Each structure stands twice: as C-alpha cells, then as structure tokens.
Amino acid sequence: MSGGSVSTTYLELSQDDGTAHKFYEVTVDALVVTVRYGRIGASGQTQVTAFPSADKARAAAAKKVGEKVRKGYAPAVPGQRAPRAVTRRQVTSAPSTARAVAPVLWRFGTGSAAFGIHVDDEHCWVGNQAGDVYTLGHDGQVLARFNLPDGVKCLVADDFWIYAGCDDGKVYDLSSKLPFAAYDIAADVDIFWLDIHEGVLDVSDRDGKLTVIDHEDEHQWSRRSQGDHAWMVRADDRAVYHGHQRGVTAYRPDGGGELWHTPTRGGVLFGWQEDDTVYAGTARRVVQRLSKASGAIEATYACDSAVYACATSPGGRFVFAGDAASSVYCFDQDGTRLWKLGTGGGSALSMQYRDERLYLVTTDGSLVCVDASEAAVSAAQQGTVPVARDVKLAEALPAYAPATTASAVTAVAQAPTGSIVVQCVQDSGRLRVHVVSEGYDSSWNVQFPRAIREPGARYVVDALHPAAGGFYRVRGDIRRLL
C-alpha cells in the first residue's frame with residue numbers, strides 16, 4: 001500500500017493457460033473503500049462503500065485483499081501486462097444501390113454500432129459495442145436496459161434463456177432482472193461469435209479455433225479449423241457448425257472429431273441455421289445453404305456486395321440477407337431473388353425474421369423493424385413506404401447491471417410461498433450450487449452467478465428448470481436468504 005491518507009493495493013491474476021486475466025484494486029480514503037475490478041486493460045467496474053470509522057474501513061479493505069491473495073492474486077503494476085485481445089469487427093458501409101427503401105415501421109438508435117439481436121414471442125433485444133442491451137416490445141416501446149461492463153459481441157438464445165457475449169470474455173445471462181456472468185472465456189481466446197445449445201457454450205475466435213465449455217463453466221474440448229477469422233458458430237444435437245475463412249466445418253458435439261468440411265464461395269462472415277440446413281453469408285457476395293447431414297451446398301443466393309448477415313423465415317421458405325452496401329434482400333428457397341431494398345440507414349450486421357417482420361441491427365447502431373409482408377414490400381417497390389417512427393428512451397427506464405457480490409443481492413428473511421431455495425456447497429473441491437427445496441434432486445447443479453457464491457450461503461429463486469446434462473437453470477429473480 002502507498003503512504004499518506006489514501007492507500008491503494010493493486011493485484012492481478014493472470015494464469016499461463018489463459019483461464020484468468022483480471023485485476024482487483026482496493027483504495028482506502030478515510031472512511032471510504034473503493035474497489036475496482038475487471039479484465040486487465042479495461043476500466044472495469046467500481047464499488048464504493050462507506051464505513052463508520054477509518055479503522056473499520058482499513059479492516060474491510062485488508063479482508064478483501066486477503067481473500068484475493070488466497071485465490072492466487074498477486075501485487076502488480078498497472079499497465080505492465082497486455083490487456084485481453086479484443087477484435088472489434090471492422091466493417092464498411094456504403095449507400096444502397098437499390099431504387100427503393102424498405103418499409104421500416106420503427107427505428108431505435110442505441111448510440112453505438114450494434115451486432116447483437118434476438119427476437120422472441122414477447123420482446124426484441126439489441127446489444128451494442130458500448131455494452132448496452134435494450135429490450136423492446138414488438139411495437140418498439142423500450143422496456144428495460146442492461147448495463148454490461150464491455151461491448152456486446154452477440155445475443156444468443158437457448159430455449160427461453162437469453163445470453164450476451166461480451167468483449168470482457170464473459171457471457172451474461174439476461175433472463176432475469178439480475179444479469180449474471182454464466183461463463184468466463186479464457187483470456188487467450190479472441191472471441192468472434194458464440195452460440196449456446198442446452199447449456200453448452202460454443203466459442204469461435206480470431207484464429208479459427210472452436211472452444212466448447214459446459215454449463216459449469218468448465219472447458220470441454222477445442223478444435224482448430226482450416227481457416228481463421230471464424231465469424232460463424234451454430235450448434236444443435238447433431239453437430240457444431242464452424243464457419244471461417246476456408247468454409248464451414250461440422251464437428252461432433254462431444255469433440256469426437258470432424259464430420260465434414262465444405263469450402264464456401266468466400267470467407268464466412270455470418271451464419272444461420274434451420275433444422276436440417278445451415279446458411280453461410282460470405283465476403284464473396286453470396287449466402288450458401290448447406291446440408292447438415294453431408295455438408296453439400298444445396299443452394300446459393302447471390303447479392304451485390306459482401307454479406308454481413310442472413311436469416312430465414314421458418315423452415316427456410318424465404319432467405320434474407322444484408323450486405324455491406326446498406327441493402328436487404330429476400331430470396332425464395334431455391335435462390336431466386338424476390339426483392340432488394342435499401343435499409344434507409346446503415347448496413348445490417350445481424351438480423352432475424354419473425355411474423356412477417358424483419359428485424360435488423362445496423363452499423364449506425366439502430367434496431368430496425370421492417371414490414372416484410374408481401375403487400376408492404378410490393379408497395380415499397382412502387383415508392384410507397386410508411387413513415388418510420390423514431391423510438392425514444394423513456395425518462396424513467398429501468399436499468400440493470402450485473403451483481404458482483406452477495407451483498408449486492410436483495411436479501412429476504414424467509415422464502416416466499418412457491419419459491420425455491422438453493423445453497424452453495426463445497427463439492428469435489430469446487431463451490432457449487434445445489435437445490436435444497438423438496439421435490440428436486442439435490443445432486444443436480446444449478447447454473448448460478450459465480451460472483452455472488454459464498455460457502456454455505458442460501459438463495460431464493462422464483463423458478464428452476466431442468467436442462468440437458470443434469471443441471472438446473474434459474475428463471476426469475478435471485479434473493480439471498482438471511
């Protein structure tokens with residue numbers, strides 16, 4: 001610690017195998033203790049706590065430092081270690097050459113370039129490079145905001161759980177008001193894209209490597225594909241589909257080996273999947289449909305510029321694409337182009353179709369809702385489009401940030417009727433979370449925030465759902481049981 005009335009202790013944990021790359025800093029200034037922590041090279045998150053006396057402030061700081069030292073943190077000098085490798089996707093966006101503009105119903109500007117999108121029965125989700133994730137109704141009303149510590153790479157859904165993959169190397173579960181880090185990706189992985197299937201996380205990266213992590217955040221297996229810059233990963237029961245500069249490679253879900261590899265026309269920039277097929281958008285201005293069974297190319301959808309995003313309507317009846325020239329396309333299943341329209345503002349970096357609407361997130365940071373019905377598109381081609389509504393943020397918009405300690409979680413004296421109690425227990429040398437309420441198998445683990453785990457602590461959750469692989473997922477709020 002430094003001398004004077006203000007003292008600071010700075011620690012780092014950076015392991016050779018890349019499983020940790022983070023710092024922890026504690027500053028004592030009279031009665032106030034400030035804790036700052038995060039990945040090395042980032043500004044991190046900050047907690048400020050006031051104490052009734054200087055002695056208690058110093059004691060609390062010493063306790064925090066001691067806990068971290070016991071976990072392997074060591075004194076360090078800020079700035080000496082290189083930060084985690086982070087690749088921001090470099091894209092260009094030219095004006096559209098289409099004669100007509102798409103029938104945009106509403107548009108919401110997030111303030112920063114956006115890659116993450118997910119649309120379900122109730123909500124639209126958008127995540128941007130500033131670390132903001134917004135939820136909106138299908139009518140464009142902004143409902144809530146999540147403040148994550150770093151830029152959002154992508155949003156992925158696994159059943160009705162929503163996850164945000166961030167540049168800080170963590171994957172945050174956003175399925176309740178309390179977002180939490182469900183997975184922590186090794187520091188040597190420069191993340192490009194993510195997918196989650198039945199609790200198993202698949203990560204594709206800059207070097208063309210595929211890393212697979214289970215629901216307990218334990219590394220399972222990894223493979224290096226033939227090409228680098230892997231912007232596509234999709235998973236199902238039969239395989240993990242990895243798209244990179246040399247095409248698409250399918251691997252067995254258990255890491256047992258390669259099933260097939262198919263070169264594509266150009267490096268893969270985006271991927272989509274249906275039940276029996278995967279779609280790869282490429283730098284050579286096409287989307288290609290591949291058979292999941294054999295890897296055979298079944299159809300090619302030709303665009304006029306590099307394809308940044310693609311999606312389909314259910315079953316692949318219609319195929320949509322967004323290119324580097326701010327245009328959006330629709331094709332029939334066999335590859336015939338049905339229409340091309342301008343987005344009216346930037347190139348689509350991700351997209352999703354739902355109920356005759358096409359949702360786009362763009363280079364200018366907008367979430368755009370396009371009326372993709374036949375009547376609306378036909379009218380747009382004739383020059384008649386609706387006046388797009390610009391969605392504004394509500395003044396009192398709820399905002400949620402990840403809890404970083406157990407004390408940050410709302411505490412209750414007793415479990416409300418119908419809720420479920422879980423407990424942190426030592427199991428085979430690891431701190432795990434087991435269900436202690438009746439009616440559950442207590443040997444099954446719960447996917448639970450690591451930041452708020454404490455030995456012996458009990459928590460109340462609204463609901464648990466069993467998932468594949470013998471674990472439960474939390475649904476609803478988390479409260480600490482006093």
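Refer to the structure above for everything that follows.
Description of the structure in this document. Being a predicted model, the structure only gives us computed values, none of them experimental.

1. What about the overall build of the protein chain?
Thought 1: Within the protein chain, the regular secondary structure consists of two helices and 41 strands.
Thought 2: Radius of gyration (C-alpha) of the protein chain: 24 Å, near the 23 Å computed for a compact globule of 482 residues.
Thought 3: Seen through its principal axes, the protein chain has C-alpha atoms that stretch 75 × 50 × 50 Å.
Thought 4: For the protein chain, buried positions account for 55% of its 482 residues.

2. Re the sheet that holds strand β18 (residues 219-224)
Thought 1: With respect to topology, four strands assemble into an open sheet ordered β15-β16-β17-β18, the strand pairing being antiparallel. A strand with exactly one partner marks an edge of an open sheet, and here the two such strands are β15 (191-197) and β18. Strand-to-strand twist across the sheet, computed as the mean angle between neighbouring axes with direction ignored, equals 15 degrees.
Thought 2: Across six bridges, β15 lies against strand β16 (residues 200-205) in antiparallel orientation. Residue pairing across strands places Trp193 opposite Ser204, the latter belonging to β16.

3. Some details on the environment of Asn445
Thought 1: Summarising the element assignment, Asn445 is placed in strand β39 (residues 445-447).
Thought 2: Setting aside residues up to four positions removed in sequence, Asn445 forms contacts with Glu216, Arg432, Val433, His434, Gly470, Phe471 and Tyr472.
Thought 3: A polar contact is formed between the side chain of Asn445 and the side chain of His434, at a distance of 2.9 Å.

4. As for helix α1 (residues 54-70)
Thought 1: Compared with the 24 Å implied by 1.5 Å per residue over 17 residues, the 24 Å span of α1 between its first and last C-alpha is a close match.
Thought 2: Listed as buried for α1 are Ala57, Ala60, Ala61, Val65, Gly66 and Lys68.
Thought 3: Buried residues belonging to α1 abut β1 (6-14), β2 (21-29) and β3 (32-39).
Thought 4: Taken from the residues just after α1, Gly72 is the one with a positive phi, measuring 110 degrees.

5. Brief notes about the environment of Ala102
Thought 1: Following the sequence through the fold, Ala102 ends up in the loop between β5 (74-75) and β6 (104-109).
Thought 2: By relative accessible area, Ala102 is classed as buried at 3%.
Thought 3: Sequence separation of Ala102 and Pro386 is 284 residues, and the distance between their C-alpha atoms is 9.3 Å.
Thought 4: If sequence neighbours within four positions are ignored, Ala102 has contacts with Val328, Leu341, Gly342, Val370 and Val385.

6. Side note on the packing of aromatic side chains
Thought 1: For the structure shown, the criterion picks out 20 aromatic pairs.
Thought 2: Summarising the aromatic geometry, the rings of Tyr24 and Tyr73 are spaced 6.3 Å apart at their centres and angled 65 degrees between planes, so their arrangement reads as edge-to-face. With Tyr24 in strand β2 and Tyr73 in the loop between α1 and β5, this pair connects stretches of sequence that are 49 residues apart. Each of the two residues, Tyr24 as well as Tyr73, counts as buried.
Thought 3: With centroids separated by 6.2 Å and ring planes inclined at 40 degrees, the aromatic side chains of Tyr241 and Trp260 adopt a geometry described as tilted. Highlighted residues: Tyr241 in strand β20 (residues 240-244) and Trp260 in strand β22 (residues 258-262), separated in sequence by 19 residues.
Thought 4: For Tyr241, a relative accessible area of 0% translates into the label buried.

7. Describing the pattern of salt bridges
Opposite charge on two side chains permits them to pair, given that their charged atoms come into close proximity.
Thought 1: Scanning the model with the defined rule gives 15 salt bridges in all.
Thought 2: Beyond isolated ion pairs, a larger network of salt bridges with shared partners links Asp236, Arg238, Asp276 and Lys292.

8. Points about the pairing of strand β10 (residues 142-147)
Thought 1: Alignment of strand β9 (residues 132-136) against β10, held across five bridges, turns out to be antiparallel. Its bridge partner lying in β10, Thr135 is registered against Ala144.
Thought 2: Taking the residues that link successive antiparallel strands as the turn, the β9-β10 hairpin has five residues, and the phi of Gly140 there is positive, at about 95 degrees.
Thought 3: Here β10 pairs with strand β35 (residues 399-400) via two bridges, running parallel. The partner of Arg145 across the bridge, within β35, is Ala399.

9. Concerning the nonpolar core
Generally speaking, a soluble globular protein has its nonpolar side chains buried in company with each other.
Thought 1: In terms of nonpolar packing, the biggest core is built from 85 residues, with Phe448 and Ile478 touching the most fellow members.
Thought 2: Not counting residues up to four positions away in its chain, the partners in contact with Phe448 are Phe180, Val422, Val433, Arg453, Tyr459, Val461, Val474 and Ile478.

Basis of the calculations
Residues numbered from 1 in each chain as written. Predicted model: local features only at pLDDT ≥ 70, side-chain atom pairs only at ≥ 80, totals over all residues. Heavy atoms only, no water. Helix = DSSP H or I, 4+ residues; strand = E, 2+ residues; numbered from the N terminus. Rg over C-alpha atoms; globule rule 2.2 N^0.38 Å. Buried < 20%, exposed > 50% of the residue type's maximum accessible area, 1.4 Å probe, protein only. Pairing = 2+ DSSP bridges. Axes fitted to C-alpha atoms, helices over the stretch in contact; angles between N-to-C directions. Contact = heavy atoms within 4.5 Å. Polar contact = N/O pair within 3.5 Å; in protein donor to acceptor, adjacent residues only side chain to side chain. Expected span 1.5 Å × (residues − 1). Phe/Tyr/Trp six-rings, centres within 6.5 Å; stacked < 30°, edge-to-face > 60°. Salt bridge = Lys/Arg side-chain N within 4 Å of Asp/Glu carboxyl O. Core = buried A, V, L, I, M, F, W, Y, C linked by side-chain atoms within 4.5 Å.

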